[in-house]
Amino acid sequence: MGEFAQVGESEVEPLARLTEVSKRFPGVNAVTEVSLDIFGGEVHVFAGENGAGKSTLMKILAQVDRPTSGRVEVAGAPVTHRGPAEARRLGVAMVHQEFALAPDLTVAENLFIGQEPGGFGWIRRGRERALARELLRRVGLGVRETRAVRSLSTAEQQRVEIAKALAVDARLLILDEPTASLTERESRELFTVLGELTAQGMAVCYISHRLDEIFAIGDRVTVLRDGSVVTTVPVGGMDESALVRSMVGREVDDLYPRTFREPGPVRLEARGLERPGALRHAGLTVRAGEIVGLAGLVGAGRTELARSVFGAEPATAGSIRLDGRPVRIRRPRDAIAAGIGYLTESRKSDGLALQLGVDVNITLGRLPMRGGLIDLRGQRRVAEHYRESLGIRVPRVDRAVSLLSGGNQQKVVLARILRTGAEVLLFDEPGRGMDVAAKSEMFQQLDQLAAEGRAIVLISSYLPELMNMCDRILVLRAGRVVGELEREEYSEQRIVALATGAGGEHEQRD
Amino acid sequence: MSSGTEAETGGRQRLWSPVRVSGAVSRLAAAGALIVIFVVLSFVAPSFLTADNLFNLGSQTSVKAVMAVGVTLVIITGGIDLSVGSVAALSGVVGVLLMAEHGLNPLLGVLGGLAVGATAGLVNGLLVSRVGLPPFIATLGMLSVARGVVLITTGAVAVFGAPDSFRVLGQGVLGPVPVPVLLIVFVALAGHVILTRTRLGRYAYVLGSNPEAARLSGVAVSRHITAVYVLSGMFAGLGGMIAASRINSGQPNFGEGLELDVIAAVVIGGASLFGGRGTILGSLIGAFLVAVIRNGAVQLGIGTFYQNVLIGLIIWLAVWWDRYQRRKFNNEETG
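Thresholds applied
Residues numbered from 1 in each chain as written. Chains lettered and ligands numbered in written order. Predicted model: local features only at pLDDT ≥ 70, side-chain atom pairs only at ≥ 80, totals over all residues. Heavy atoms only, no water. Pairing = 2+ DSSP bridges. Helix = DSSP H or I, 4+ residues; strand = E, 2+ residues; numbered from the N terminus. Axes fitted to C-alpha atoms, helices over the stretch in contact; angles between N-to-C directions. UniProt positions renumbered as here; feature names shortened; annotations may be inferred. Domains from an automatic or database assignment. Buried < 20%, exposed > 50% of the residue type's maximum accessible area, 1.4 Å probe, protein only.

Asks: Whenever I open this one, the sheet that holds strand E3 (residues 43–47) of chain A confuses me. Can you help?
Replies: Each strand in a sheet pairs with another by means of backbone hydrogen bonds, the pair being arranged parallel or else antiparallel. Residues and elements named next belong to chain A. On the basis of which strands lie adjacent, the open sheet formed by six strands has the order E6-E7-E8-E3-E9-E10 and mixed pairing. On the outer flanks of this sheet lie strand E6 (92–95) and strand E10 (228–234), each paired with one strand and no other. Adjacent strand axes in the sheet meet at a mean angle of 15 degrees, parallel and antiparallel pairs treated alike. Relative to strand E8 (residues 203–207), strand E7 (residues 172–176) runs parallel, the two sharing five bridges. Residue pairing in the sheet places leucine 172 in a bridge with alanine 203 of E8.

Asks: Is there a simple way to explain the UniProt feature "transmembrane region" (unreviewed entry) in chain B in this structure?
Replies: All names here are of chain B. UniProt feature "transmembrane region" (unreviewed entry): in the numbering of this structure it lies at residues 24–44, 65–98, 104–128, 140–161, 173–195, 225–243, 263–293 and 305–321. Each end of residues 173–195 is marked by a C-alpha atom, and these two atoms are 29 Å apart; helix forms 74% of the span and strand 17%. Annotation note: span residues 305–321, helix share 100%, strand share 0%, distance between end C-alpha atoms 25 Å.

Asks: What is the right way to read the domain arrangement of chain A from this model?
Replies: By a widely used convention, the size of an interface equals the accessible area lost when the partners come together. What the domain assignment lists for chain A is domain 1 (2–91 + 171–248), domain 2 (102–169), domain 3 (254–339 + 422–510) and domain 4 (348–420). Spacing between the C-alpha centres of domain 1 of chain A and domain 4 of chain A amounts to 36 Å.

Asks: I would appreciate a short explanation of the pairing of strand E13 (residues 291–296) of chain A in the present structure.
Replies: Along a regular strand, successive side chains alternate from one face of the sheet to the other. All names here are of chain A. The buried fraction of E13 is high, at six of six residues. What you see with E13 is no split at all: Ile291, Gly293 and Ala295 on one side and Val292, Leu294 and Gly296 on the other are buried throughout. In the sheet, E13 pairs with strand E20 (residues 455–459) via four bridges, with the strands oriented parallel. Its bridge partner lying in E20, leucine 294 is registered against isoleucine 459. For E13 and strand E21 (residues 472–477), the ladder comprises five bridges, and the chain directions are parallel. Within E21, the residue paired with valine 292 across the bridge is arginine 472.

Here is the structure:
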């Protein structure tokens, strides 16, 4: 995409220009005097830690938020910040991490919400469908326009969101961590689509945490820290460590702090797990002190394997042994009693009771009881203990979990699981939505938990995470374990080949 | 962000609720409204602030207040119980029949009424947790079924004949304090302890906040959902028995539309129909606010029709105020 980034500062008119834009929330300067230009045809990446102001800045650009001071111009005209409808008129569209789609409506209906073809309150459905097919073609999405959005995968729904932006003739497309819930392959497909769109002159603003993709698709990168611009440079003019340094403001010496040790005895052994449509004779063994990675495309059965071991969706056949003893797991309660803990893929939707306190969430799995009643002092003590030992950053433990950052929410879930005495831990995409520093801290904790003799399963769609953290990697495809790689056998190509079934697979030794 | 070592929370931290009740109550419009109306009424209507009238008010409120405690539990789980009015009638009628026709002593008669309520609640709970019906539908069905059973059993005729001692429940006094007022205190305390200090209460909040998180944390979801409806049915049964005692008979038509007043009290008291939020104290304030308005209106000679309009306005106002305060509060917290 680099060839479209002819960003010769003077001769080209910028598509959007921010001049000394600031946004203050009570007590916080979310964005401070940011000035920058965005040009048609470029992918402009915004990088920075959580809370650096990336999302706030993009919301100002998309006119979801109004700046406290400063000026925003789109195509040379000052923006009045009258809201999303005005932004749409100016050709600015934003795809949020939480999609704004109506799941029960069809793809075509979703694409034209608010500007249905037709008139006088009538909708020309045939025309709507024809227009929808054209838009889907442009975003490379091969699904029928009559399908309900609910039935689409995350990646497909995201593509619908992008098509929605095209439907309003957007010239500036803002994407907030678009690959956070995509597999490697889906991400690459997305990059292809973005490449085509920028080739047509569109500008893409792209918020990302992931260093690899900044280099893969970015033309220019703006690094934000504490609400201010640290630097805006062509991506080619920066290497990975310089980028991390400018994001964090200091050296992060080790992103993946893993110490490999000789593993102990087998703690978890699952064999022949079956679940129609999800798992076919899948299994794994994990030893004490070991971190075993699960790789594969979305829907390959990684999450399903973890959830069936945990009893969230129990397997219909197969056996599970813990520390050599057979256990029967029919529901999460059985798994917890047996010493298995599961950190869900989606903390917000199934991991936490967001409106309740940190202390309530931590003690949920095992309430401190005294004389038949909940011991509220004990509850606070327990919460304080984990706040200390896991470094949960919250001023008071009775503060609602919804007010915490992603990394700290993750620690609350971890605390809850550790409190139940779990010795086998299943982590499903634990790094999602976390910034570099939070991730590094979390991996440190993972290493520590393994060092204490626990058996850990790590699911991730980001291969460098798996390759740096895991003793072994199992690759799943279509509900089966299709390969097992030792550390010296790791390579991205090999894992991808196994995951996609592109030849060269070797069956798991059973 | 603080390092966590400083003793900023000190000893002042409130230990008596998982959701910081005091903060919630201080934001309640209902509490303020109750005080204002109390003060105004005591000036405008001299008969209002007399011990007689206040105890009378307490007795009048008792049925709704007791039922509101059970409904609060259900609403906190994100459910609803529409059947409490019918169930109260069923309990009242069956309780009186047990005493009048089967010669049970009043204590056993009352317990019988509670058992009837609990059974109806059990059916509600199983329909919700095991059969998977939405709470609205399960309890809407029970509203109709329970009422039908009452009418069939009685032939739509009131039942009489409970022993005189049964009147104690709704009409008795202990010293100067009416028994129904004592029952409010007792039931409210029980409800508060259940909500703040037992597994059932804790899980009610969690289930209302995020049922999937509860399940994955090992909470026995069905059992606790069922238990909440059983309690709601039982408290409805108690409400029905108090009412039967106050009018000295089992009335087959008792409690029609009562569920709406009870739900109104709970909602005015700050509980969220989406679950996860609510307190007994709030619901009590809600119940009393509704009762005070009706009582005060009578003192001032305002008709029932206007009272209804007034109560509807207060529902709107209370919930709007609660949302407004919450938004402001959240902004301060995150800001």
